[in-house]
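Secondary and tertiary structure notes
The residues making up each chain are set out below.
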Amino acid sequence: MIKLERTLTYRLHLLHKLTDIESQRAYLAEARLSMSDARCLTAVGTFAPLSVNDLAQKANLNKGQASRAAQSLVDQGLIVKAASPTDGRGVVLTMTPKGKKAWQRAMQVVGQRNQDIFGVLSEAERAQLSNFFDKLIEKARAGG
């Protein structure tokens, strides 16, 4: 019988939880943003312009979480909401100049966290793991 603690999903979830604890601390300390705000800001800064639905997908949040985080970022003056030119009920999210500075700080945290987590692997191991993740993500998106 398979051991739960050796399954991919169990181990991914465990790694996610363990790394989120430090990431949350780093976002607050270094970027002065909550974890959900930082995730949304990095997504808007990387993929803008985005709808709230697009933001939810890119930030790996549900639509409600993305909507609340987007509003928080608007309230902080980091992003703006504008009417969507293609969807009469939708909005488009883009960054403000203040948001771009915050995005740069948040992306520095992302880069440092990535190095902290994957630095234990050699360059060849990181490339191999990256390829494995690409395959697994492709398979999961295809419904497998």
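Residues numbered from 1 in each chain as written. Predicted model: local features only at pLDDT ≥ 70, side-chain atom pairs only at ≥ 80, totals over all residues. Heavy atoms only, no water.

**Examining the pattern of salt bridges**
Counting across every chain of the model gives four salt bridges. The salt bridge involving Glu22 is made with Arg25; its shortest N-O contact spans 2.7 Å. Of this pair, Glu22 and Arg25 are both found in helix α1 (residues 8–31), three residues apart, which corresponds to roughly one turn of the helix. Note on Arg25: relative accessible area 41%, which makes it partly exposed. Glu30 is paired through a salt bridge with Arg25; the nearest N and O atoms lie 3.6 Å apart. Salt bridges sharing common partners tie together Glu22, Arg25 and Glu30. (Salt bridge = Lys/Arg side-chain N within 4 Å of Asp/Glu carboxyl O. Helix = DSSP H or I, 4+ residues; strand = E, 2+ residues; numbered from the N terminus. Buried < 20%, exposed > 50% of the residue type's maximum accessible area, 1.4 Å probe, protein only.)

**Details of α1**
In α1, a bend of some 30° at Asp20 exceeds every other bend along the element. Taken together, the buried positions of α1 are Thr19, Asp20, Ser23, Ala26, Tyr27 and Ala31. The elements touched by buried residues of α1 are α2 (35–47) and α5 (97–118). Positive phi appears at Arg32, one or two residues downstream of α1, with a value of about 55°. (Bend = angle between axes of the 7 residues up to and from the residue. Contact = heavy atoms within 4.5 Å.)

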